[in-house]
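The lines below spell out each chain.
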Amino acid sequence: MTLLLGSDIFRGSGYGPGHPLNIPRVWPVIDICRAQGWLPNINFEVVPPATVEELGCFHTKAYIYALLDAERYQVLDKKRSKRHKIGTHSNPIYPEIYRRPATAAKASLKAAHYLISGVHNSVFNPSGGTHHGLPDAANGFCFVNDPAIALTTLYKNTNNKIAYIDIDAHHPDGVQAHFSHLQRMILFSIHEEDRWPRTGKKGDKGGGNAHNYPLPRGSNDTDLNETITNDILPLLTDYGPDFIVLQAGADGLEEDPQSGLCYSNHGYWSAVSAFLDLKIPILVLGGGGYNPFTTARAWAGVWGLMIGKNPHNTECVPESRSVLESLHFPHRLGRNIPERWVSRLYDRN
Ligand SMILES: [Zn+2]
């Protein structure tokens, strides 16, 4: 069956004023999917935060305790702050700094176990995809590396082959560094060339099993999907993975303020469909996405695809429109909201 994992921790918590992630991302997806009639209770599960032990499959105990202390005291001593990069401009201390990323991680962990047991063969964790996180430090808005926790779980509990695919605008440096040398693992990333963290250059194989496809600024739906069809799918099908983890960051969409890529959500959904269509047990994660309107519509559409709906022609029911109209977007792009950002899921006629 197909499952969406979430929690109310994502309602009303944020990274603090001025941070690009201080926008609603997870709950609008859930509320829109419910409003559209796409998310019966049977397909939805609430998850708690991961425990220290669970996070410890990838992160150091010292780092996890630093996150717990930062949440408890809302401040961290200088030495630990410097070592773990907690309390910086990118990785600020906020009230739910442990519980929020730990909940996203628990969802990815649970999803991995569901794929292994076969209870579910298709799981969506829109709160996941924080692919920059490091074992001992926060990195690029990511406190906990939930894709790494999913991959570790799949790797250690099976003898199967695993593919990690990442279509976020940013290169998954935290994932590549720790998994690209492993025998039963293949990694693919399509990201914007010369954008932070500036890793994942063309021809970079990481530890041997990574395949990187940097696209120049301005790349569009055709560029994205030709890379998948011509470069990734032949290698992926030849490899024959038993599990896929797909990081479906939505920051490559044209109206996202954090990248220069120009995908429409049609091209983005076609990319996601290319991997769903393989019918291999799959965990789909969120990731980047810094325009709450484009991100909510893109990820609601991803869930639609996962349950066999067609987001390419889906209009918003009045309740979905209300969800979108309630979103706050302090960026200048949020000053004049186009009608299509609230009236329908798809970008183009
Ligand atoms: Zn990103």
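Computed from a predicted model, the values in this text were never measured in an experiment. (Residues numbered from 1 in each chain as written. Predicted model: local features only at pLDDT ≥ 70, side-chain atom pairs only at ≥ 80, totals over all residues.)

Undergrad: Any details on the overall build of the protein chain? Residues and values, ideally.
TA: A count of helical and extended segments in the protein chain gives 12 helices and 8 strands. The C-alpha atoms of the protein chain give a radius of gyration of 19 Å, which matches the 20 Å a tight globule of 349 residues would have. By residue count, 51% of the 349 residues in the protein chain fall in the buried class. Taking the intrachain contacts of the protein chain between residues at least 6 apart in sequence as the baseline, contacts between residues at least 24 apart amount to 73%. (Helix = DSSP H or I, 4+ residues; strand = E, 2+ residues; numbered from the N terminus. Rg over C-alpha atoms; globule rule 2.2 N^0.38 Å. Buried ≥ 20, exposed ≤ 12 C-beta atoms within 10 Å, placed from the backbone. Contact = placed C-beta atoms within 7 Å.)

Undergrad: Please give an account of the sheet that holds strand S2 (residues 44–46) that cites residues and values.
TA: In any sheet, the strands associate via hydrogen bonds between backbone groups, in a parallel or an antiparallel arrangement. Strands sit in the order S2-S1-S3-S8-S7-S4-S5-S6 across an open sheet of 8 strands; the sheet is parallel. Single-partner strands in this sheet number two, and they are S2 and strand S6 (210–215). When strand polarity is set aside, the average angle formed by the axes of neighbouring strands in this sheet is 15 degrees. Pairing geometry for strand S1 (residues 2–6) and S2, over 3 bridges, is parallel. Across the sheet, Leu4 pairs through a bridge with Phe44, a residue of S2. Helix H5 (residues 99–117) contacts S1, strand S3 (122–125), strand S7 (243–247) and strand S8 (282–285) of the sheet and is inclined by roughly 175 degrees relative to S3. Relative to the sheet, helix H10 (residues 292–306) contacts S1, S3 and S8, its axis offset from that of S3 by approximately 170 degrees. (Pairing = 2+ DSSP bridges. Axes fitted to C-alpha atoms, helices over the stretch in contact; angles between N-to-C directions.)

Undergrad: Can you explain the pairing of S3? Please cite residues and give values.
TA: Going residue by residue along S3, you find Ser122 and Phe124 tucked away on one face and Val123 and Asn125 tucked away on the opposite face as well. Inspection of the sheet shows S1 paired to S3 by 3 bridges, in the parallel sense. From the neighbouring strand, Leu4 faces S3, where its bridge partner is Phe124. For S3 and S8, the ladder comprises 4 bridges, and the chain directions are parallel. Within the sheet, the bridge partner assigned to Ser122 lies in S8 and is Ile282.

Undergrad: An account of H10 is requested, with residue identities and associated values reported.
TA: Given 3.6 residues per helical turn, the α-helix brings residues three or four places apart onto the same face. Look at H10: 21 Å from first C-alpha to last across 15 residues, which is about the 21 Å you get at 1.5 Å a residue. Within H10, 14 of the 15 residues are buried, leaving the element largely enclosed by the surrounding structure. (Expected span 1.5 Å × (residues − 1).)

Undergrad: Describe helix H11 (residues 318–325), listing the residues and the values that go with them.
TA: Within H11, burial applies to Ser320, Val323 and Leu324. Angularly, the buried residues of H11 cover 95 degrees about the axis, an arc narrow enough to put them on a single face. On the buried face of H11, the contacting elements are helix H1 (26–35), H10 and helix H12 (340–343). (Arc of directions from axis to C-beta.)

Undergrad: Requested: an account of the pairing of strand S4 (residues 162–166), with residues and values cited.
TA: Taking burial as the measure, the 5 residues of S4 include 5 buried ones, the bulk of the element. Alternating residues of S4 divide into Ile162, Tyr164 and Asp166 and Ala163 and Ile165, and every residue in both groups is buried. Of the pairings in the sheet, the one linking S4 to strand S5 (residues 185–192) comprises 5 bridges and is parallel in character. Looking at S5, one finds that Asp166 is bridged to Ser189. The parallel pair S4 and S5, bridged by helix H7 (residues 173–179), forms a crossover whose chirality is right-handed. Bridge count for S4 against S7 is 5 bridges, and the pairing is parallel. Opposite Ile162, over in S7, you have Phe243 as the bridge partner. (Right-handed = clockwise from strand over helix to strand, strands pointing away.)

Undergrad: Mind laying out the packing of helix H8 (residues 221–239) against helix H9 (residues 265–276), listing which residues take part and the relevant values?
TA: Viewed as axis vectors pointing N to C, H8 and H9 meet at an angle of 15 degrees, and their least axial separation amounts to 8 Å. Accordingly, the angle class assigned to the pair H8 and H9 is roughly parallel. Classified by chirality, the crossing of H9 by H8 is left-handed. Contacts between H8 and H9 involve Asp221, Leu224, Asn225, Ile228 and Leu233 from the first element and His266, Gly267, Ser270, Ala271 and Ala274 from the second. Across the contact of H8 with H9, the residue classes tally to 5 nonpolar, 4 polar and 1 charged. (Parallel < 35°, antiparallel > 145°, perpendicular 65-115°, else oblique. Left-handed = near helix turned anticlockwise from the far one by under 90°. Nonpolar A, V, L, I, M, F, W, Y, C, P; charged D, E, K, R; others polar.)

Undergrad: Describe the nonpolar core, and please don't skip the residues or the numbers.
TA: Within the largest apolar cluster, 97 residues are counted, with the highest numbers of intra-cluster contacts made by Tyr164, Val245, Leu246, Leu283 and Trp303. If we ignore the near neighbours within four places in the chain, the residues touching Val245 are Pro147, Ala150, Leu151, Ile162, Tyr164, Leu283 and Leu285. (Core = buried A, V, L, I, M, F, W, Y, C linked by C-beta atoms within 7 Å.)

Function cannot be inferred from these measures alone, as they are strictly geometric.
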